[in-house]
Amino acid sequence: MQHLIFFLLVFMNIGFTSAQLKFSLAHDSLLYIPIRINQEDSVSLLRFYISNIHIEQGRKIIWEAHKKHYLIDFTQNRLATNIVSGTGLENIKKGRLKFTLGVDHKTASQGIGEGPLDPIQGMYWTWQSGYINFKLEGVSSKCPSRKNRFQLHLGGFQKPFRSAQIIELQITGTRANVVFNIHKFLAEINLREAHSIMSPGEKAVSLMEHAKRCFYVQ
Amino acid sequence: MYNKSLLSILIGLFLVAFALKKRTPEPTSYIPTPFYRLPVFPTKNDTVALGRLLFYDNILSANNQVSCASCHNSYNAFAHTDHQLSHGIFDSVGTRNAPGLFNLAWQKEFMWDGATHHIEAQALAPLHDPKEMGSNIKALLSKLRASDFYRKAFYDTYKDTIINSNRTLKALAAFELSLVSFESKYDAVKTDNAEFSTQEKAGYKLFKQNCNKCHTEPLFTNGKYMDNNLPIDSSLDDKGRFLVTKQKEDRYKFKVPSLRNLSYTYPYMHDGRFTTLNQVLQHYSSNQNIKNKGKADLEKAIHLSFNERADLISFLLTLNDKNFVFNPAYSFPKKLKDYLIQE
């Protein structure tokens, strides 16, 4: 298996009384941490925020998730399914699924949040306030760092380094799978240079833009 | 008999209202609107009271030996004296001098470099710093949840025993926001309740000519980050605001501190390099170390005669707020003291 795939499943089966969006991981080796991606790279931690999830038709918002923010965690909480709930999905035939990868800057500029935004989740910088939008850690033989480790903690909500990304994906039919392709993510970044990013800056923004391009509808 | 009882109640209510008012002096018209809402005190057991307990309790640190008050002493306007650089857990020495804590509701960002953008997030920084408290919010919550004292304190505040990071950090923020200091002689003059002496008046004039641009009254800070031409301390090479923004023009800039309560908040500057006000004025009278001539925040030296310095210092001393520093509502809480004695 060359791809680590995250599905965003849009269940529209009539049998469901409460339709749900599900973030789940379709990868057998998920049971074993670190997750082996290829000969060179493995992932020990992957968590990111998804915010403001909704579906639009034209300019109209026709569906919104119940909660504003979700913390998607495929490694520490690897067996759990990350459920994004909202009502009325069963009536939607097509539309544009939109969400923010990360925590939007308006929320980040406020005080301490609760639930997924609680600092105990380990996704809040304490030396410099603000949320880590996307956290990826692992080992790659390409990294010249100690024990070949890479730590990509991507965040930043203040100009000029706002890193959260708005993602738009067209969905049609009764079911849409939204995939995050981690193979593409790791293959197209320079881990020799960008192996330790732990503060807001140009590199974090650039990697978040790259992460945005790794989501697609299957 | 009935009238007498009613009168006693009314007097009682008046005294309570007066006491509460004393606790956090109301800013008056010459004070700008704060960024944060000031805490109100409707009950005895409010978030401010809970925040005060947490602020003074060593439970915040990994080894239960360091509290917020370790570096922010109420008798020093919540600054850290005696040490250039503040020290924390296991006698670890940091890289900066802990600033005084007052009028925080008027601050947009916190820390010398503005690394914390919101007061509720501020406590996370020292809590997690390995040289300050060496702990983390998860560990702190576990300790608080295991404590009968805090289960009761949270119940008294919130009417249930849920202890979470939101409540903990909000309580600490509430206590910090309650630290309001506008009862100096300067404030009394501003409200026509006192007059400056001749020397203070002369110092005030000099202040407005030379210092007010950065230490802007009535908060005595413009809230900006500036480079005041301090020689770079190579042992620290603290680049200040640059560490947060990564913008070249922010190198060696630090937040302009308020000059209020300055008798209590020595030593001065972000690294505590000056012990006396005279040393500070000596620095400003020198035009050495201007790093970006033509673009520097402070292009010219401030030349003052010996008498002018004395006048200026005389004015600066009117910014001390003794009522704030010795306000019992801000000092070590008796409730915590009693609990620690029993334990």
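In this text, all values refer to a predicted model and were calculated from it rather than measured experimentally.

Participant: I'm lost on the overall build of chain B in this one. Help?
Facilitator: Within chain B, the regular secondary structure consists of 15 helices and two strands. Split into buried and exposed, the 343 residues of chain B put 53% on the buried side. Long-range contacts, defined here as pairs at least 24 residues apart, represent 69% of the contacts in chain B between residues at least 6 apart. When the accessible surface of chain B is totalled, it reaches about 17300 Å², and 55% of it is carbon and sulfur.

Participant: Teacher, can you tell me more about the overall build of chain A here?
Facilitator: A tally of helices and strands in chain A yields three helices and 15 strands. The burial tally for chain A puts 56% of its 218 residues in the buried class. Counted over contacts in chain A with a minimum sequence separation of 6, partners at least 24 positions apart contribute 71%. Carbon and sulfur atoms make up 49% of the accessible area of chain A, which totals about 10100 Å².

Participant: Just checking my understanding: could you explain the interface of chain A and chain B for this structure?
Facilitator: Many authors give the size of an interface as the accessible area that is lost as the parts come together. Every contact between the two is made by 23 residues of chain A and, on the other side, 23 residues of chain B. Counting the surface lost from both chain A and chain B, the interface buries some 1700 Å², and carbon and sulfur atoms represent 54% of this. Viewed at the interface, chain B and chain A are joined by 11 residue pairs in polar contact (both at pLDDT 80 or more). When grouped by side-chain class, the residues that make up the side of chain A that touches chain B number 10 nonpolar, 11 polar and two charged.

Participant: Would you mind showing me how to read the packing of helix 2 (residues 47-56) of chain B against helix 7 (residues 148-158) of chain B here?
Facilitator: Two measures define how a pair of helices packs: the angle their axes make with one another and the distance between the axes. Residues and elements named next belong to chain B. Remark: helix 2 packs on helix 7, axes separated minimally by 9 Å, with the N-to-C direction vectors making an angle of 160°. Classified by the angle their axes make, helix 2 and helix 7 are roughly antiparallel. Of the two possible hands of crossing, helix 2 and helix 7 adopt the one that is left-handed. Contacts between helix 2 and helix 7 pair Thr47, Leu50, Leu53 and Leu54 from the former with Phe149, Tyr150, Ala153, Phe154, Thr157 and Tyr158 from the latter. By residue class, the composition of the contact of helix 2 with helix 7 is eight nonpolar, two polar and no charged.

Participant: When you look at the nonpolar core in this model, what are you seeing that I'm missing?
Facilitator: Across soluble globular proteins, nonpolar side chains have a tendency to be buried as a group. Counting 93 residues, the largest nonpolar core has Phe55(B), Leu60(B), Phe78(B), Leu144(B), Tyr150(B) and Phe315(B) as the members making the most contacts within it. Examining the composition of this core, we find that seven residues originate from one element, helix 8 (residues 165-177) of chain B, more than from any other. Each of domain 1 (47-181 + 326-342) and domain 2 (185-322) of chain B gives at least three residues to this core. Ignoring any residue separated from it by four or fewer positions in sequence, one finds Leu144(B) in contact with Leu54(B), Ile59(B), Tyr150(B), Arg151(B), Phe154(B), Ile163(B) and Thr168(B). With 41 residues, the next largest nonpolar core counts Ile53(A), Tyr70(A), Ile92(A) and Ile182(A) among its residues.

Participant: Would you mind showing me how to read helix 10 (residues 198-210) of chain B here?
Facilitator: Since there are 3.6 residues in each turn of an α-helix, residues three or four apart along the chain are aligned in direction. Residues and elements named next belong to chain B. With 13 residues, helix 10 ought to run about 18 Å at 1.5 Å a step, and its terminal C-alpha atoms sit 19 Å apart, in line with that. Buried within helix 10 are the following residues: Glu200, Gly203, Tyr204, Leu206 and Phe207. All buried residues of helix 10 project into a common sector of 165° when viewed along the axis, lining one side. Facing away from the buried side of helix 10, by more than 90 degrees, are the exposed residues Thr198, Lys201, Lys205 and Gln209. Structurally, helix 10 contributes buried residues whose contacts are with helix 9 (185-190) and helix 13 (306-316).

Participant: Before we go on, may I ask you to explain the state of the cysteines in this structure?
Facilitator: Where two cysteines share a covalent bond between their sulfur atoms, that bond is called a disulfide. Taken as a whole, this structure holds zero disulfides over all chains when the rule is applied. Cys68(B) carries a free sulfur, and the closest cysteine sulfur to it, the one in Cys71(B), is 9.2 Å from it.

Participant: I tried to follow the pairing of strand 8 (residues 94-101) of chain A on my own but got confused; where do I start?
Facilitator: Walk down a regular strand and you will see the side chains alternate between the two sheet faces. Residue and element names in this part refer to chain A. Strand 8 sits mainly inside the fold: six of its eight residues count as buried. As paired strands, strand 4 (residues 41-57) and strand 8 are joined by five bridges and run antiparallel to one another. Each residue of the ladder has a partner; that of isoleucine 55, found in strand 8, is leucine 97. As judged from the eight bridges shared by strand 8 and strand 12 (residues 165-172), these two strands associate in the antiparallel manner. Within the sheet, the bridge partner assigned to phenylalanine 99 lies in strand 12 and is isoleucine 167.

Participant: How should the packing of aromatic side chains be read in this particular structure?
Facilitator: Two numbers describe a pair of aromatic rings. These are the distance of the centres and the angle of the planes. Enumeration over the complete set of coordinates arrives at 32 aromatic pairs over all chains. When the ring of Phe99(A) is compared with that of Phe215(A), the centres are 5.7 Å apart and the planes differ by 75°; the resulting orientation is edge-to-face. In this pair, Phe99(A) is assigned in strand 8 and Phe215(A) in strand 15 (residues 215-217), connecting sequence segments 116 residues apart. Looking at Phe99(A), the relative accessible area reads 2%, which means it is buried. Cluster of aromatic residues (ring-pair linked, three or more members): Phe55(B), Tyr56(B), Phe78(B), Phe102(B), Phe175(B), Phe324(B), Tyr330(B) and Phe332(B). Just above the ring of Tyr158(B) sits the side chain of Arg167(B); from NZ or CZ to the centre is 4.2 Å. Over the ring of Phe242(B) we find Arg251(B); its NZ or CZ atom is 5.0 Å from the centre of that ring.

Participant: Can you walk me through unusual backbone geometry in this structure?
Facilitator: When glycine is set aside, most residues are seen to have a negative phi, and most peptide bonds are trans. Each neighbour pair has its own omega, and for Lys159(A) with Pro160(A) the value is 0°, a cis peptide bond. Relative to the elements of secondary structure, Pro160(A) occurs in the loop between strand 11 (149-155) and strand 12. Cis peptide bonds are those with omega within 30 degrees of zero, and the linkage from Tyr266(B) to Pro267(B) qualifies with -5°. For Pro267(B), the location among the structural elements is in the loop between strand 2 (254-255) and helix 12 (277-284). Unlike most non-glycine residues, Asn103(B) shows phi in positive territory, near 50°. Looking at the element boundaries, Asn103(B) is found in the loop between helix 3 (68-71) and helix 4 (119-122). We note that Tyr252(B) has phi near 65°; this positive angle belongs to a residue other than glycine. Mapped onto the elements, Tyr252(B) comes out in the loop between helix 11 (242-245) and strand 2.

Participant: So what exactly am I meant to see when it comes to the environment of His87(B) here?
Facilitator: All names here are of chain B. You can see histidine 87 is positioned in the loop between helix 3 and helix 4. When the C-alpha atoms of histidine 87 and cysteine 71 are compared, they prove to be 7.5 Å apart, with 16 residues separating the residues in sequence. Histidine 87 has contacts with Cys71, His80, Ser92, Val93, Gly94 and Lys131, leaving out every residue within four places of it along the chain. Only 3.3 Å separates the side chain of histidine 87 from the side chain of histidine 83, close enough to count as a polar contact.

Participant: Can you help me understand the packing of helix 12 of chain B against helix 13 of chain B in this one?
Facilitator: Residues and elements named next belong to chain B. Helix 13 packs onto helix 12 with a crossing angle of 125° between their chain directions and a minimal axis gap of 11 Å. Between helix 12 and helix 13, the angle is such that the two are oblique. As for how helix 12 packs across helix 13, the hand of that crossing is right-handed. For the pair formed by helix 12 and helix 13, the contact residues are Leu277, Asn278, Leu281 and Gln282 on the first element and Arg309, Leu312 and Ile313 on the second. Among the residues forming the contact of helix 12 with helix 13, the class breakdown is four nonpolar, two polar and one charged.

Rules behind the numbers
Residues numbered from 1 in each chain as written. Chains lettered and ligands numbered in written order. Predicted model: local features only at pLDDT ≥ 70, side-chain atom pairs only at ≥ 80, totals over all residues. Heavy atoms only, no water. Helix = DSSP H or I, 4+ residues; strand = E, 2+ residues; numbered from the N terminus. Buried < 20%, exposed > 50% of the residue type's maximum accessible area, 1.4 Å probe, protein only. Contact = heavy atoms within 4.5 Å. Areas by Shrake-Rupley, 256 points an atom, 1.4 Å probe, with all protein chains shown as cover. Buried area = accessible area lost by both parts, 1.4 Å probe. Polar contact = N/O pair within 3.5 Å; in protein donor to acceptor, adjacent residues only side chain to side chain. Nonpolar A, V, L, I, M, F, W, Y, C, P; charged D, E, K, R; others polar. Axes fitted to C-alpha atoms, helices over the stretch in contact; angles between N-to-C directions. Parallel < 35°, antiparallel > 145°, perpendicular 65-115°, else oblique. Left-handed = near helix turned anticlockwise from the far one by under 90°. Core = buried A, V, L, I, M, F, W, Y, C linked by side-chain atoms within 4.5 Å. Domains from an automatic or database assignment. Expected span 1.5 Å × (residues − 1). Arc of directions from axis to C-beta. Disulfide = S-S within 2.5 Å. Pairing = 2+ DSSP bridges. Phe/Tyr/Trp six-rings, centres within 6.5 Å; stacked < 30°, edge-to-face > 60°. Lys NZ or Arg CZ within 6 Å of the ring centre and 35° of its normal.

So far we have only geometry, and geometry alone does not tell us how the molecule works.
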